[in-house]
Every structure is written in C-alpha cells, then in structure tokens.
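# Chains, contacts and geometry: an overview
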Amino acid sequence: MDSRNATATDVAATWHYASLAFWYSVYAASAIVGFSILKLIYNISPFHPLSKYPGPLLWRATRLTASWHQARGDLYKCIDAIHSKYGPTVRIAPDELSFTNPEAWSQIYNTRPQLQKTEFHFGRADERKLPESLIMANDAEHARLRRLANPAFLTAGILEVEPVMQYYADLLCNQLLHEVSHARSQPQDMVQWFLWTLNDVIGKLALDQEFDCLKLRRMHPWPKFLLRGLKNIAIFNQFRRFGITEKMLVPLMSKKQLEARDNFFNEAVSAVDRRLAREKSEKAGDGEKKTPDIVGLMLREMKDGNRLTEKEVTANSILIVGGGAETTSSCLSGTFYHLLKTPRVLKKLQQEIRSGFACPKEITIRATSNLPYLKATVEESLRIFPIASYITPRTTPKGGHMITGDHVPGGTYVSMGQWHMGRSGQLFDNPKEFRPERWLDELDVKGPANLRPDEILKPFSLGPRNCIGKQRVRPALIQCGFADELSRLALTEARLVIAKLLWHFDMELDGDHSTWVEDARFYVLWELQPLNVKLTPVRR
Ligand code: HEM
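Criteria and thresholds
- Residues numbered from 1 in each chain as written.
- Predicted model: local features only at pLDDT ≥ 70, side-chain atom pairs only at ≥ 80, totals over all residues.
- UniProt positions renumbered as here; feature names shortened; annotations may be inferred.
- Helix = DSSP H or I, 4+ residues; strand = E, 2+ residues; numbered from the N terminus.
- Buried ≥ 20, exposed ≤ 12 C-beta atoms within 10 Å, placed from the backbone.
- Contact = placed C-beta atoms within 7 Å.
- Near = placed C-beta within 6 Å.
- Nonpolar A, V, L, I, M, F, W, Y, C, P; charged D, E, K, R; others polar.
- Expected span 1.5 Å × (residues − 1).
- Arc of directions from axis to C-beta.
- Axes fitted to C-alpha atoms, helices over the stretch in contact; angles between N-to-C directions.
- Parallel < 35°, antiparallel > 145°, perpendicular 65-115°, else oblique.
- Left-handed = near helix turned anticlockwise from the far one by under 90°.
- Pairing = 2+ DSSP bridges.
- pLDDT = per-residue confidence, 0-100.

Looking at an unreviewed UniProt entry, one finds the protein named Cytochrome P450 oxidoreductase and attributed to Cladophialophora yegresii CBS 114405.

Further remarks concern the UniProt feature "binding site: heme" (unreviewed entry) in the protein. UniProt marks Cys467 with the feature "binding site: heme" (unreviewed entry), using the numbering shown here. The residue Cys467 is located in the loop between α20 (453-456) and α21 (475-479) in this model. Classification of Cys467 by C-beta neighbours within 10 Å gives buried; the count is 21. Those residues in contact with Cys467, other than ones at most four positions away along the chain, are Phe460 and Ser461.

What follows deals with the site of the ligand. Among the 24 residues in the neighbourhood of the ligand, the closest are listed as Gly324, Ala388, Thr392, Cys467 and Gly469. Of all the secondary structure elements, the ones that give two or more residues to the shell around the ligand are α15 (310-341) and α22 (489-504). Per-element accounting of the shell around the ligand gives the leading share, seven residues, to α15. In the shell around the ligand, the residues fall into 14 nonpolar, eight polar and two charged.

Let us now look at the UniProt feature "transmembrane region" (unreviewed entry) in the protein. Taking the numbering used here, the UniProt-annotated feature "transmembrane region" (unreviewed entry) corresponds to residues 20-42. Secondary structure within residues 20-42 divides into 100% helix and 0% strand; the distance between the first and last C-alpha atoms comes to 32 Å.

Right, let's get into helix α7 (residues 162-182). Relative to the 30 Å expected for 21 residues at 1.5 Å per residue, α7 spans 30 Å between its end C-alpha atoms, a close match to the ideal helical length. Listing the buried residues of α7 in full gives Val164, Met165, Tyr168, Ala169, Leu172, Cys173 and Leu176. Across the axial projection of α7, the buried residues extend over an arc of 160°, all falling on one side. Exposed and oriented more than 90 degrees from the buried face of α7 are Pro163, His178, Ser181 and His182. If you follow the buried residues of α7, they end up packed against β4 (188-189), α8 (190-207), α9 (213-216), α22 and β12 (532-537).

Right, let's talk about the packing of helix α16 (residues 343-356) against α22 for a bit. Orientation of α16 relative to α22, taken along the N-to-C sense of each, is 90°, at an axis distance of 9 Å. Our classification of the angle between α16 and α22 gives roughly perpendicular. For the pair formed by α16 and α22, the contact residues are Leu349, Gln350, Ile353 and Arg354 on the first element and Ala499, Leu502 and Trp503 on the second. Of the residues belonging to the contact of α16 with α22, the class tally is five nonpolar, one polar and one charged.

This part covers the environment of Phe460. With respect to the helices and strands, Phe460 occurs in the loop between α20 and α21. For the pair Phe460 and Ile387, spaced 73 residues apart in sequence, the C-alpha to C-alpha distance is 8.7 Å. Sequence-distant contacts of Phe460, that is, excluding residues within four places in its chain, are made with Asn466, Cys467 and Lys470.

Glancing now at the packing of α7 against α22. Interaxial distance between α7 and α22 falls to 10 Å at its minimum, and their mutual angle equals 30°. In this structure, α7 meets α22 at a crossing whose hand is right-handed. Contacts from Met165, Ala169, Asp170, Leu172, Cys173 and Leu177 in α7 reach Glu493, Leu496, Val497, Lys500, Leu501 and His504 in α22. Among the residues making up the contact of α7 with α22, the classes are represented as eight nonpolar, one polar and three charged.

Turning our attention to the sheet that holds β12. Read from one edge of the open sheet, three strands run β4-β12-β9, paired in antiparallel fashion. Two strands close off the open sheet at either side, each with one partner strand: β4 and β9 (505-509). When β4 meets β12, the two strands line up antiparallel, connected through two bridges. Considered in β12, the bridge of Gln188 is made with Val533. Against the sheet, α7 touches β4 and β12, its axis set at about 90° to β12.

A separate point is the sheet that holds strand β3 (residues 116-117). The strand order across the open sheet formed by five strands is β1-β2-β8-β5-β3, and the pairing between neighbours is mixed. Strand pairing shows two members of the sheet lacking a second neighbour, β1 (89-93) and β3, which therefore form its edges. Taken together, the two bridges between β3 and strand β5 (residues 394-395) define a ladder with antiparallel strand orientation. Across the sheet, the residue bridging to Gln116 is Thr395, located in β5. Sitting on the sheet, helix α4 (residues 75-86) touches β1 and β2 (96-99), and the angle it makes with β1 is about 140°.

With that out of the way, let us pick up unusual backbone geometry. The peptide bond linking Arg112 to Pro113 adopts the cis configuration, its omega dihedral lying at -10°. Relative to the helices and strands, Pro113 is located in the loop between α5 (104-109) and β3. With a phi close to 50°, Arg217 is a non-glycine residue in the positive phi region. Look at Thr404: it is not a glycine, yet its phi comes out positive at around 45°. When the 15 C-beta atoms within 10 Å are taken as the criterion, Thr404 is described as partly exposed.

What follows concerns the environment of Glu132. For Glu132, the position within the fold is in the loop between β3 and α6 (139-156). With 281 residues separating them in the primary sequence, Glu132 and Tyr413 have C-alpha atoms 21 Å apart.

Bridging between β9 and β12 involves five bridges; their strand directions are antiparallel. Note on β12: the bridge partner recorded for Leu509 is Val533.

This brings us to the confidence of the model for the protein. Scored by pLDDT, the protein has a mean of 87; 91% of the residues are at 70 or more. Here residues 472-487 scores under 50 on pLDDT; set against residues more than four positions off or in separate chains, the count is 22 contacts.

Another point: the pairing of β2. Burial along β2 is two-sided: the residues Glu96 and Ser98 and Leu97 and Phe99 are all buried. Two strands pair when backbone bridges link them, and β1 and β2 are joined in this way by four bridges, in the antiparallel orientation. Looking at β2, one finds that Ala93 is bridged to Glu96. Between the end of β1 and the start of β2, which pair antiparallel, lie two residues.

Right under this line is the structure:
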C-alpha cells in the first residue's frame, strides 16, 4: 500500500514538473517571439539610430535577410540592386551600411585608429588550436604579424619568383597544346586550368612543394576542399551572428559535412608540417638546401630578434595558399570571359602581345609590365568582375565615425559596395562596356564624377590591412627601372599567363555563356561555372 502511494506521489510530481517545464517553455518561446517582433519593429522605427538610411524593409528589419543571401553566395548582387534603387549610402541590415562614394574608402579602411573588422566574414581560429592568421587577428597582433610576414613578400614578390611563374605558365601552354592536338580540339574548361596553374604556383612559392595539379589535371587535396570549407564557414558565420556557435551545430551535421569541414584544415596542416619538418632537417644539416620560399622566409628571425612562431607560420601559410591561388585564377577566368566576349579588345591585345614578342622566351615579367594594353585589360577585368566583391566590413567605434561627411553611429558595420561601383553609370561612362582604354595613363580618362578609375576602385583594399600579395616594390628595384605595378605578385602572375596564352592560341567561347557572371557565387572567394573555350594554336 505504501509503495503504491509513493508511486502515485511520484507520478503526480513528474506530471507537475512536466507541466511546469511545458509552460515555462511556452513563456520562454513567447518571450523570444515577442522580443523578436519588438526588435523588428524597433529596427524599422524612426527611433533606430540608422533610421535615416534608406534600404528595403526586410533588410532594415532583420539581419536574417542579409545572412540568408551571404550564405547563398549572392549578397554582393543584392547590395548592387539595393544601391541601384536607393542611392550611394544604403542600409543592408539593421546594423550595417554600404557605401559607394569613393571618398568613403579611406574613411573606412585607412583610418587611425583603425575601424575593427567584423568577425563574421572569415572563419575564426578558436576551434582549430591555431593562432589567428593576418586576416582575422586583432589590430595589435595584425601589426606584429604583418611586420614579420612582410619581408617574405618583398623578397618573394618580385624577380626571385620569376622562374617559378615562367615554369608553370609554360607548363599550362604546353599541356593545352598537347590537349588540343590530341583531343580533336575539344573545348577546355579554363576555370579548371587556371585553378590548377595558380595552385601549382602558390604551392611552389609558399611551400616549395609540387602540387602537380597541371601534370595530373586535378586539384591538390588541400585547395580542393577550400571552397567547400569556405561555403560552410559562410553558413556557420551566419549562425554565429545569432549566438549559435560551430560547436553547437556539430551534432546536427552529417558525416559528409563534417568531413568537408575537416578535410581542408587537416590537409593544409599536414602540407605545412611537411615543409616545417624539412626546415628542421635543413637546419640540422642533413637536408638539401633549397631556394627560399614564403614559409622559409616567414620563419626567419628579424634583426630585432623577433620571429613568427611555427603555429603562426602554419596559420598564415593556410591563408596565403588559399588567398594566393583562387584569387588570381578567378581574375584570369574573369579576364578571359570578358576578352572572349569583346572581340575588339581581344584583337587589340593579341596585336600588342604578338607584335611585341618573337618567341615565348621573350615573354618575361619585365616585358609584360611594359605592355600598357595588357595592364589596362587586367585592371578593367577587376573593375567589371572584382575578386573582392564584398571586402570585410569594419565596425564604427563607440562614439561613432565620420563617413562622407555624415556621423555614422557607433557599432555600425560599414563596407564599400565595390561590385556596384564598378558597374555604376554615375562613376563610369558606359559601365557595361569592357573597355581597357579607360585605364590607359596617357588618355587620363575620368568618369562622370571627374575621378580616374583608380581613384574609384580599390580591388586590393587599402590601408594597413590591404592585400599582402600587392606589395610595393623594393626601393632598390625601383632604381633598377622597375615600374611600381611590377611588384604586384598577383597581377604579375596574371599578366604573364595571359600574354603566353594569347601568344600561343586563338580562342573563342564554346557556347555563349550568357549567365556565366550571373551564376557566379561569392563566399569570400568565387565559385565559378565552367568557362569552356575552343583553343587553336597560332600558325606562324
Ligand atoms: C587578383 C588577386 C587578388 C586580389 C583582388 C586580392 C584582394 C585582397 C583583398 C581585398 C584583401 C583584404 C581583405 C579584407 O580586408 O578582408 C586581401 C588580403 C590578403 N591577401 Fe589578397 N588578393 C589577391 C591576391 C593575393 C595573392 C596572390 C596573395 C598571396 C600570395 C594574397 C594574400 C593575401 C593575404 C595574406 C591577405 C591578408 C592581409 C592582411 O590582413 O594583412 N592575395 N587580398
């Protein structure tokens, strides 16, 4: 009897607690829903500090809209459409503004003290047992890392790397010559070929390792996982904005998703580890001494005794291999797409290259830096198809910040709508036309806003956190007569590959690819659709 009473009491208690839990959950859910509705109303109300900035209702009301598009990879296009409708300063989330007035570049990316980078653009290193790399380090750390990493780029950024670039540019042309003579002129997907080439180049420059992408016609396992990893990060970052961390999401992820997340990181770390092990054996005197690569140079001690730790070198090497290959290969794909769509420009460029060089050996870094139309073509490509279409937004400080003569309240994310700027009729004449002439120094072309194109666009960003791959040339080399642009590792590679390809081949698009630009997706780096091109070796 006693035990039956006890059971009845237990059941009653359990029932009581279960109903309490139920009602608390209902209250909590109602409170969250109520709070969210109030927040939405506040976000679009005149009381919100950003209320005076125009933008579509759903974007001003909730961050979910921008997050959804960022995770889908088409946020840059939406920002473009919003600027077209609402003007040069627009609200693209409750707490974010996008600007297209060129004056805002330096006010956002080159101020002292710097505006902080948002933490929701790239992945964070906290779950990876590695320190933050340059791209996400806080300002003090960034200044130290950049000072220690810079010499590697000043040295490796210019002439020392020419043999590597020459070797892979020639290998690309030879492989394509072989392919088109054996495959009865099957069209080639140039997006793949450029990825293979640039991954080979950066594998050699950064780690002195052969990635063998061109020879084996496949991606090295490390960069192969990069884009998939970046897509995942884009999604994780949107959850993080709402307080949901990667750790909380892991139990909900499939095995395949987890593999995609880990493969990139594991492959990258093991490639850098192999390079670090070689460094140690070289130091111990039992390894073959090799020419310096970026990792070797980053490991060197500075005159003041400071150096990067091995873990910092690993973190930054992962960044450099990712940043160094995909960016430049996308730039090449974008350039060839627009060239092949614009026969007038293609013909003029072919003429400059084919009349400038009697044989491929003459095509050198120095020689290509002296071809004005080639230089202008790459700049024009970065205008119409910027590689960084949405550069990491910065955050205004507590007291607010002046941008284009306007006081922007503290805690606001701010960025430049570079994709829109390059296509804006208010900044460029005939913006849809692919016209390298607008970049030619001797023509000194200014747009409707009376600004030169280089005053309007900053494809490599600017300020202390600009692209490290776009270094200024060493003073000693300027004295040797090298132009400033020569030092831009990224553009130097691109120009060399373009010149060699156009010297060897006539090219045309296979199919019209009318939605190629439209179909591209941006997850910090570009995911591009195939660019199928018919190549015919030039008869001389
Ligand atoms: C066309 C080619 C390229 C473009 C358009 C480009 C553009 C950019 C931009 C806009 C940033 C700033 C990102 C931000 O603020 O969030 C950046 C940073 C960076 N880029 Fe590039 N990049 C290119 C090629 C390269 C190459 C070839 C390398 C390396 C070999 C490289 C390495 C880096 C690194 C390490 C950073 C971080 C720098 C720092 O935070 O101090 N990039 N790049």
